Amino acid sequence: MNHRTEVLISKFTFYAIAAFGAVMFFASKSVAQTANPLPSILSRLTVNSMAGSNEAINTRIPAQAQSMFGGLSQVNCAKGRAPASCLPVGFLDQAFGIGQFTPASAAAAVGKSLTGRETLAQATPWLGQIKVSDALAANPQLRNLLPASAFGGSQLKSSVANLQFGSIVDLTTAKLNRVPSLANTAINKFQGYQKLMTDTIPNVGNIALSKMPKVNVPAGMAILKMDAVRTKERNVRHMVMSGSDLETSKECLTNCDYIETMPIVGLPYLRGARIISGDSLQVRGGHGLLAWVNGGKEPTGIHFIGDTKLVIRNVNAKSGRATVNLNFRGCYYFFGQHCTPYFVGFPLWQLSEKYPTLPLFTDDANVSRVIRLTRPN
């Protein structure tokens, strides 16, 4: 009598490296030379291109994580609202470094320039939401725009300090050339900028992700296309790629939706790799003092760039489609790294079995293999 047993083989990690190639290790080394298409793909993705969420987002941010988001205590996005209008800049700054842009550099990143003749309502409309005291701390020259009544002698009146700058200064008439240095003052110099929405900051929403300060495009990545769609499966363990930092290649046991992928640039050992839907599986995430945010859970997925991961959702076997979501986390360093799980996400693009779409990318392609062995009694 023979009996079949399942042996879970330890995970094989594939690293794509070198300027125009991918070096893969699986028992022996194999090399595939190819151009890296990631920069051109990221040049087409912007914050404004992110679609509205398929469901309402109402997430509270615990006290331990609020400081990194400028005191933000919650994120509320109605169903269908795009992240540019409801995802605070604090999240995008954590992931992409949006706060490092100045009004001038943001304009330059989309092929524009500031002349100085613009009104503040045109160049820096978000300034109207910043407290007067915080505006002056970021750029002292802004005091030139305040009325004399805002001061008691040379000191700013305490009754004015906490008012919004836009309630004291008419941004529709004040010209940028009255405060020339403002054009080159980084957004993150203004206390409270994390609570702003991207659509209040001119040009930033149209800047390609490839031009974001915190985005370092790797020389090589696993680049995959969707090959098949599966829904409501059980015991999905073989060739699983998705997971989290804490649970790599995490299996799914019941009611499992997932996609199967094919490598585009070689990487033959990723043929048939499976990415389980974030709708089907939550995994452990986060690090340090922030690990318990969102119950310590995040949807399963694959790491993308910076502090983001790609999550597959809305898997539909009938139409052969799935949605790619971009999920964010927040981190800070204090005697080690402390990060929330990737608990807030928005849709980026759709995948299709039948039609060409943007591919999937990851710089950490871990795959678990289940090999069936036949052993004698």
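Presented here is an overview of the structure given in this document. (Residues numbered from 1 in each chain as written. Predicted model: local features only at pLDDT ≥ 70, side-chain atom pairs only at ≥ 80, totals over all residues. Heavy atoms only, no water.)

Taken in spatial order, the four strands make up an open sheet running β13-β14-β15-β18, and their pairing is antiparallel. Strand pairing shows two members of the sheet lacking a second neighbour, β13 (302-303) and β18 (344-352), which therefore form its edges. Sheet analysis places β13 next to strand β14 (residues 308-316), joined by two bridges and oriented antiparallel. Counterpart to His 303 in the pairing with β14 is Lys 309. Along the sheet face, helix α4 (residues 89-96) touches β14, β15 (321-328) and β18 and points at about 90 degrees away from the line of β15. (Pairing = 2+ DSSP bridges. Helix = DSSP H or I, 4+ residues; strand = E, 2+ residues; numbered from the N terminus. Contact = heavy atoms within 4.5 Å. Axes fitted to C-alpha atoms, helices over the stretch in contact; angles between N-to-C directions.)

Quick look at the pairing of β15 now. Counting buried residues in β15 gives seven out of eight residues, a clear majority hidden from the surface. The pairing of β14 with β15 spans seven bridges and is classified as antiparallel. Bridging across to β15, Thr 308 finds its partner in Phe 328. From the end of β14 to the start of β15, which pair antiparallel, there are four residues, and Gly 320 there has a positive phi angle of about 70 degrees. With eight bridges joining them, β15 and β18 adopt antiparallel strand pairing. Along β18, the bridge assignment pairs Arg 321 with Ser 352. (Buried < 20%, exposed > 50% of the residue type's maximum accessible area, 1.4 Å probe, protein only.)

We now examine the pattern of salt bridges. This structure, assessed with the given rule, holds seven salt bridges. One salt bridge in this structure joins Arg 329 and Asp 245, with 3.3 Å as the shortest N-O distance. Highlighted residues: Arg 329 in the loop between β15 and β16 (331-333) and Asp 245 in the loop between β8 (222-233) and β9 (256-263), separated in sequence by 84 residues. Since its relative accessible area comes to 43%, Asp 245 is described here as partly exposed. (Salt bridge = Lys/Arg side-chain N within 4 Å of Asp/Glu carboxyl O.)

Pairing within the open sheet is antiparallel, and its four strands lie in the order β10-β9-β8-β19. Strands with a single pairing partner mark the edges of an open sheet, and in this sheet they are β10 (274-276) and β19 (360-362). Between one strand axis and the next, the sheet turns through 45 degrees on average, direction left out of account. Alignment of β9 against β10, held across three bridges, turns out to be antiparallel.

Going through the model one piece at a time under the given rule, you end up with two aromatic pairs. Judged by centre distance (6.0 Å) and plane angle (80 degrees), the rings of Phe 96 and Phe 328 are edge-to-face. Here Phe 328 lies in strand β15 and Phe 96 lies in helix α4, a separation of 232 residues in the sequence. Classification of Phe 96 by relative accessible area gives buried; the value is 0%. Judged by its relative accessible area of 0%, Phe 328 falls in the buried class. Look at Trp 126 and Phe 190: their rings are 5.1 Å apart centre to centre, the planes differ by 75 degrees, and that puts the pair in the edge-to-face class. One end of the pair, Trp 126, is in the loop between α6 (120-123) and α7 (132-138); the other, Phe 190, is in the loop between α9 (165-168) and β8, and 64 residues separate them in sequence. (Phe/Tyr/Trp six-rings, centres within 6.5 Å; stacked < 30°, edge-to-face > 60°.)

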